[in-house]
Amino acid sequence: MFNRIRNIKIILVAVAILIAIATLFTSNYLIRDLQQEERQRMEVWAEAMRSLNSADENTDLNLVLQVINGNNTIPVIVVDKEGNVQTHRNLDMKFEADEDSMSILQQKSADMIEAGHSIRIYPNEVESDTLPLADTEYIEICYDESLMIKRLALYPYILLAVVVIFVVIAIFALFSSMRAEQNKVWVGLSKETAHQLGTPISSLMAWSTVLKENYPDDVLLPEMEKDVKRLERIAERFSKIGSKPEPKPEDVCEVIRRVTDYMERRTSNKVHITCALPSEPVIVNLVASLFEWVAENLCKNAVDAMEGSGSIRITIQESASQVALEFHDTGKGIAKSNFKNVFKPGFTTKERGWGLGLSLAKRIVEEYHKGRIFVKSSEIGKGTTFRVELPK
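Residues numbered from 1 in each chain as written. Predicted model: local features only at pLDDT ≥ 70, side-chain atom pairs only at ≥ 80, totals over all residues. Heavy atoms only, no water.

With that out of the way, let us pick up the packing of aromatic side chains. This structure, assessed with the given rule, holds two aromatic pairs. Here the aromatic rings of Tyr-122 and Tyr-138 are separated by 5.9 Å at their centres, their planes lie at 65°, and the arrangement is edge-to-face. One end of the pair, Tyr-122, is in the loop between strand E3 (118-121) and helix H4 (125-130); the other, Tyr-138, is in the loop between H4 and strand E4 (139-143), with 16 residues separating them in the sequence. Ring centres 6.1 Å apart and planes at 90° place the aromatic pair Phe-343 and Phe-386 in the edge-to-face group. Residue Phe-343 is located in the loop between strand E9 (322-329) and helix H9 (357-369), and its partner Phe-386 is located in strand E11 (residues 383-391); the two are separated by 43 residues in the primary sequence. (Phe/Tyr/Trp six-rings, centres within 6.5 Å; stacked < 30°, edge-to-face > 60°. Helix = DSSP H or I, 4+ residues; strand = E, 2+ residues; numbered from the N terminus.)

With respect to topology, five strands assemble into an open sheet ordered E6-E8-E9-E11-E10, the strand pairing being mixed. Single-partner strands in this sheet number two, and they are strand E6 (271-276) and strand E10 (372-379). Within this sheet the neighbouring strands show an average axis-to-axis angle of 15°, counted without direction. Summarising the sheet, E10 and E11 pair through seven bridges and their orientation is antiparallel. Each bridged residue has a counterpart across the sheet, and for Ile-373 the counterpart in E11 is Val-388. (Pairing = 2+ DSSP bridges. Axes fitted to C-alpha atoms, helices over the stretch in contact; angles between N-to-C directions.)

Further remarks concern the packing of helix H8 (residues 288-306) against H9. At a minimum axis separation of 9 Å, H8 and H9 run at an interaxial angle of 150°. By the angle between their axes, H8 is roughly antiparallel relative to H9. Here the hand of the crossing between H8 and H9 comes out left-handed. Contacts from Leu-290, Phe-291, Trp-293, Val-294, Asn-297, Leu-298 and Asn-301 of H8 reach H9 at Gly-357, Leu-358, Leu-360, Ala-361, Ile-364, Val-365, Tyr-368 and His-369. Tallied by class, residues from the contact of H8 with H9 come to eleven nonpolar, four polar and no charged. (Parallel < 35°, antiparallel > 145°, perpendicular 65-115°, else oblique. Left-handed = near helix turned anticlockwise from the far one by under 90°. Contact = heavy atoms within 4.5 Å. Nonpolar A, V, L, I, M, F, W, Y, C, P; charged D, E, K, R; others polar.)

So, about the confidence of the model for the protein. Within the protein, residue pLDDT values average 81, and 85% of them lie at 70 or more. Note that pLDDT drops below 50 for residues 126-134; the model gives that stretch five contacts with residues more than four away or on any other chain. (pLDDT = per-residue confidence, 0-100.)

Enumeration according to the criterion identifies 16 salt bridges in this entry. The structure contains a network of salt bridges with shared partners spanning Glu-326, Arg-372, Lys-376, Arg-387 and Glu-389. (Salt bridge = Lys/Arg side-chain N within 4 Å of Asp/Glu carboxyl O.)

Here it is as structure tokens:
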């Protein structure tokens, strides 16, 4: 499941990148073609201006004026050899009362020339061929990109933003759907497990009572009763998954003591469990049976990580707003890149693991107790510290 989710993420990101690249290439080609077309239009417009400046009484100006007046989109500034503005067209100019409009137009025309958006024309072609270049009169047709090209230049970035938003929404919807599906599986399996355990546990309790009446001095019966109560507690935990049990004020120190007593009886003598608990009760709103499950999972994972030999240290720290529990082991440690992955369903480093214990612990801490659980620190070959924070 973990690998499948990761592959889906990679595919969605790859598709978004391909769309972005294709969009940028297409837009760049389109904008380049339009820029060339506007350059050609301005060359025709410049030729019309040259004809207008060199016209005499025999020149037909109808076509010339039609070309000049036909430019309603491309911003143009016409300047002479000294840079003085002769005329301008299609400029959206708004000036303050104290601003010099001519200086602003001259600056704009200089910027257009520097950008390579200018065409130089010589009104008197015959004279320009005979006079030295420095003495030749000319006018500079300075132009800027039309509003349409500027909008098209922004279009790919807007489209990319839309694609990114779409991909984010798609990933969020996909993960929400998958999480809802996982939740249904969790709840269904938990309820069915609790239901299936109910009948044999009731039968075992009845047989335990019968045996106690017939063999009151048997030393094995108390241990048998403990195991039956343990099964009953496990069934209770499963029955509460998916429901909304109400947390109650509990002494978290007492909960930890019950967990450590249970773990000490079922682990090797080479595993040492120590607790640094406050002398006074630490009261927190808990669903005790579920929180015991969290502590047991963390202790069992620590035992597995130590491969049967090492130490587990549990500490409780209390502040004005929260209670923090830390579970430190001397196991093989966790790579830093997997600090968050260990809580994902299906992620495991064990050969026979299901990768559900820590995922369930995270669900219990966050959804039922409004707290958080995370890997505080870990070092390969030296050990790991898990931290659980619960609001007071």
